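Examination of the molecular architecture
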Amino acid sequence: MLRSCVFSLVRPLATVSSSTCRPSLCLLNATNTRSVWSTGQEPRRSTYLQDALTPDEIQTASSAVKGYMSASGVDDPRFVTVSLKEPKPNLDEPPKRQAEVLVLNPSTGIATEMLVQGDEVISSEDLPLGTQPMLTPADCDLAESISKSSEEVQRALKERYGITNMDKVVGDPWSVHLASEEDRLLVEGDGKPRRLVQTFLYQRMEGEGMECNHYAHPIDILPIVDLNSKSVVRIDGLDRLPAPKIPTDSVNYHRNLLHTNSYLQTQWRPRMKDLSIVQKDGPSFNVSDNNLVDWQGWSIRVGFNYREGLVLHDIKYKGRPGQRQKRL
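Scoring rules and cut-offs
Residues numbered from 1 in each chain as written. Predicted model: local features only at pLDDT ≥ 70, side-chain atom pairs only at ≥ 80, totals over all residues. Heavy atoms only, no water. Helix = DSSP H or I, 4+ residues; strand = E, 2+ residues; numbered from the N terminus. Buried < 20%, exposed > 50% of the residue type's maximum accessible area, 1.4 Å probe, protein only. Contact = heavy atoms within 4.5 Å. Areas by Shrake-Rupley, 256 points an atom, 1.4 Å probe, with all protein chains shown as cover. Expected span 1.5 Å × (residues − 1). Core = buried A, V, L, I, M, F, W, Y, C linked by side-chain atoms within 4.5 Å. Pairing = 2+ DSSP bridges. Axes fitted to C-alpha atoms, helices over the stretch in contact; angles between N-to-C directions.

Some remarks on the overall build of the chain
Looking only at helices and strands, the chain features 4 helices and 16 strands. Within the chain, buried positions represent 42% of all 328 residues. In the chain, of all internal contacts separated by at least 6 residues, the share reaching a separation of at least 24 is 56%. In the form shown here, the chain has an accessible surface area of approximately 19,300 Å², with 51% of it arising from carbon and sulfur atoms.

Here it is as structure tokens:
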């Protein structure tokens, strides 16, 4: 399963471990994580108000939200995003640096948007009942775990395909498309919104680890799980009898499993000749103050956010202001 997170000009050097807090654009449990920004320096608070939140700022904002929700009896919030609320120009008073936090309450299924300044939650707004924010990597992990640990799913795999080793089963989570009235009612459940994820299943047939290209071996049933109740609410495909056979052709790309291939090459290609690109005097650009890029008279602040991806700020040419912001 392919999973990715975007970190604003940050290369994580250690995995952030958390059972419930692994949102996009966040290092919520960053106390044991060392990160290096593009300058090779330790991340620090920038002098530019529209720079992305630092790991420390994210940690502070998330702690504030946890405390705020804990006071309301919610001890297991699921974070979706923590990102900078971009300040708007204000001539009357200097803008303040604030964090926008989107969080879910699994016990009610309600999503809430919060605004945090420093270590204080200054506003909180529940989104309309049934609103579903984007899936996070933590959601994907949880969906796969729920599906594979389900006794109903395990029984179906054993009866239909003879699969008993769940370590050889892969769950690939995807958001649910509401194609019918039946699907809509499934989401509504018993009055509490469900957070549904469909988990396409595959079997690892070659190798002992994760090297196998499991996508070559799809399993023809589809468990649908509810992340809020942590349960399988439906399994599609059980009506197809007899059960379709799982394709057995080996289609691998990992060097350790090329020899198993049914019709692709079975040996690694010869090594290509070395290609060396050398700038003996160093690069022609300079990066300073975390993400300020100077090049050929241009100065640009480079940033990212989870909605728009790459965002260029404070664009100037030879000191002359150009565009305050450009979203690409």
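There's more to say after this.
A short note on helix H2 (residues 137-149)
Over its 13 residues, H2 runs 18 Å from end to end, which matches the ideal 18 Å to within 8%, given 1.5 Å per residue. Among the 13 residues that make up H2, 10 are buried, leaving the element largely enclosed by the rest of the structure. Against the buried residues of H2 lie strand E3 (78-85), helix H3 (151-161), strand E7 (169-175), strand E8 (196-203), strand E9 (222-226) and strand E10 (231-236).

Quick look at the nonpolar core
One finds Leu 157, Tyr 161, Ile 219 and Ile 221 to be the most contacted residues of the largest nonpolar core, which totals 20 residues. Those elements that place two or more of their residues in this core are H2, H3, E8 and E10. Looking at this core, the element that brings in the most residues is H3, giving 4 residues. With near-sequence residues (within four places) excluded, Tyr 161 lies in contact with Ala 156, Ile 219, Asp 220, Ile 221, Ala 243, Pro 244 and Ile 246. Formed by 16 residues, the second largest nonpolar core is a distinct cluster that contains Ala 61, Met 69, Ala 99 and Val 116.

So, the sheet that holds strand E6 (residues 120-126)
Spatially, the 4 strands line up as an open sheet ordered E3-E4-E5-E6, and their pairing is antiparallel. The open sheet terminates on both sides in strands that have one partner only, identified here as E3 and E6. Taking each pair of neighbouring strands and ignoring which way they run, the sheet shows an average axis angle of 20°. Sheet topology places strand E4 (residues 98-105) next to strand E5 (residues 110-117); 7 bridges connect them, and they run antiparallel. From the neighbouring strand, Leu 102 faces E5, where its bridge partner is Glu 113.

Focus on the pairing of E5
What sits between the antiparallel neighbours E4 and E5 is a turn of 4 residues, in which Gly 109 has the positive phi angle 75°. In this structure, E5 lies alongside E6, joined through 6 bridges in antiparallel fashion. By the bridge assignment for E6, Met 114 is matched with Ser 124. Linking E5 to E6, which pair antiparallel, is a turn of 2 residues; within it Gly 118 sits at a positive phi near 65°.

Some points on helix H1 (residues 55-70)
Look at H1: 22 Å from first C-alpha to last across 16 residues, which is about the 22 Å you get at 1.5 Å a residue. When H1 is considered as a whole, its buried residues turn out to be Pro 55, Glu 57, Ile 58, Gln 59, Ala 61, Ser 62, Ala 64, Val 65 and Met 69.

Some words on unusual backbone geometry
For the bond from Leu 241 to Pro 242, the omega torsion is -5°, close enough to zero to count as cis. Position of Pro 242 among the secondary structure elements: in the loop between E10 and strand E11 (286-288). With a phi close to 55°, Lys 230 is a non-glycine residue in the positive phi region. Here Lys 230 is to be found in the loop between E9 and E10. With a relative accessible area of 55%, Lys 230 lands in the exposed category.

It is worth stressing that arrangement in space is one thing and function is another; only the former is reported here.
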